[in-house]
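# Examining the three-dimensional arrangement
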Amino acid sequence: MSSEADWTAPEGSWASSAARRRNMQAIRSRDTKPEWLIRRLVHARGLRYRVAARPLPDLRRTADLVFRPAKVAVFIDGCYWHGCPEHYVPPRTNSGYWSEKVVRNVKRDRDTDHRLVEAGWLVLRFWEHEPSVICADKIAEMVLARRSVSGSR
């Protein structure tokens, strides 16, 4: 294995070092601890859902939990990747790239919200730092309310 001093980024890579590249590749896009905790609590309340599913077939974006009959899409957003107003800290290395990436993520989130609402969906977004019990309570409340209104299971 070559040393980090000999490492050169692949063409078009955003990685500033081999260690940074390994670190970034290890970050999960689904099944994070906050997602897992909220899913477990929602499941314990008797609600069933799809995990990492597309709410709309023609929308190339996935929600963390999808309640199709009730048309509820739940997103648990990471503080760094989605620009949490409380916890986001701009990166010190390669800041231009990463700050722009977060801005693009936030714009995509708003676009996703808009498209889902237009299609009759309720969008629930929570930050990863929010207490899981409070998130699960809100999800259960909203799903059950939409089920009773629409008459779906």
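Let me begin by describing the structure that accompanies this report.

## Thoughts on the environment of V133
Note on placement: V133 falls in helix 4 (residues 132-150). For V133, a relative accessible area of 47% corresponds to the partly exposed category. Distance in space between the C-alpha atoms of V133 and I38 is 7.1 Å, their sequence separation being 95 residues. Among residues more than four places away in sequence, those in contact with V133 are L41 and R45.

## Digging into helix 3 (residues 95-118)
Counted at 1.5 Å a residue, the expected span for helix 3 with its 24 residues is 34 Å, and the 35 Å between its end C-alpha atoms agrees. Looking at helix 3, one finds that the buried residues are W98, V102, N105, D109, T112, D113 and L116. Residue G120 follows helix 3 closely and has a positive phi angle near 90°.

## Some details on the packing of aromatic side chains
Per the stated rule, a full pass over the model turns up 5 aromatic pairs. Look at Y80 and W81: their rings are 5.0 Å apart centre to centre, the planes differ by 85°, and that puts the pair in the edge-to-face class. Relative accessible area serves as the criterion here: at 26%, Y80 is assigned to the partly exposed category. The interplanar angle of 85° and the centroid separation of 4.7 Å between the aromatic rings of Y97 and W98 together place this pair among those described as edge-to-face. Owing to a relative accessible area of 30%, Y97 belongs among the partly exposed residues under this scheme. By way of ring pairs, the aromatic residues Y80, W81, Y88, Y97 and W98 are connected into one cluster. In this structure, R125 is placed above the aromatic ring of F75, and the distance from its NZ or CZ to the ring centre is 4.1 Å.

## Section: the nonpolar core
Counting residues in hydrophobic clusters, the biggest one holds 19 residues, and the most contacted among them are V42, F67, V72, V74, L124, I139 and V143. Put simply, the parts of the chain that give this core at least two residues each are helix 2 (33-44), strand 2 (63-67), strand 3 (72-77), strand 4 (122-127) and helix 4. At 5 residues, the largest contribution of residues to this core is made by helix 4. Contact partners of F67, with chain neighbours within four places excluded, come to V42, L47, R48, Y49, V72, V74, W121, I139, V143 and R147. Counting residues in each nonpolar core, the second largest holds 10 residues, with A63, V66, A73 and W121 among its members.

## Focus on the packing of helix 2 against helix 4
Any two packed helices are characterised by how steeply their axes cross, that is the angle between the axes, and by the distance between the axes. Contact pair helix 2 / helix 4: the axes reach a minimum separation of 9 Å and the direction vectors enclose 50°. Put simply, helix 2 runs oblique to helix 4. In this structure, helix 2 crosses over helix 4, and the sense of that crossing is right-handed. Judged by residue contacts, L37, I38, L41 and V42 of helix 2 engage S132, V133, C135, A136 and I139 from helix 4.

## Some remarks on the sheet that holds strand 3
Here we have 4 strands laid out as an open sheet, ordered 1-2-3-4, and mixed in their pairing. The open sheet terminates on both sides in strands that have one partner only, identified here as strand 1 (50-53) and strand 4. Taken pair by pair, the neighbouring strands of this sheet meet at an average axis angle of 30°, ignoring direction. Where strand 3 and strand 4 come together, 6 bridges link them in parallel fashion. Paired with A73 across the bridge in strand 4 is V123.

Conventions and cut-offs
- Each chain has its residues counted from 1, running along the sequence as written.
- Only residues with pLDDT of at least 70 are given local features in this predicted model, and only at 80 or more are side-chain atom pairs given and counted; all residues enter the totals for whole chains, interfaces and linings.
- The basis for every side-chain value is the complete set of non-hydrogen atoms in the structure, without hydrogens or water.
- Only DSSP runs of H or I covering at least 4 residues are called helices, and only runs of E covering at least 2 are called strands; the numbering of each starts at the N terminus.
- For the exposure calls, accessible area comes from a 1.4 Å probe over protein chains only, and a residue counts as buried if that area is under 20% of its type's maximum, exposed if over 50%, partly exposed in between.
- For this analysis, residues touch if any pair of their heavy atoms sits within 4.5 Å.
- Multiply 1.5 Å by the residue count of a helix minus one, and that product is the helix's expected span.
- By convention, a stacked pair of Phe, Tyr or Trp rings (six-membered ring in the case of Trp) has centres within 6.5 Å and planes under 30 degrees apart, an edge-to-face pair has planes over 60 apart, and any other such pair is tilted.
- Here, over-ring charges are defined by two tests on the NZ atom of lysine or the CZ atom of arginine: distance to the ring centre within 6 Å, and angle to the ring normal within 35 degrees.
- Take the buried residues of types Ala, Val, Leu, Ile, Met, Phe, Trp, Tyr and Cys, join any two whose side-chain atoms come within 4.5 Å, and each joined set is a nonpolar core.
- Between N-to-C directions, angles cover 0 to 180 degrees, with each direction set by a line fitted to C-alpha atoms, over the stretch in contact for helices.
- Working rule for angles: under 35 degrees goes down as roughly parallel, over 145 as roughly antiparallel, 65 to 115 as roughly perpendicular, anything else as oblique.
- Take the far helix as the reference: if the near one is turned anticlockwise from it by less than a right angle, the crossing is left-handed, and if turned clockwise, right-handed.
- One bridge is not enough; two strands pair if DSSP finds at least two bridges between them.

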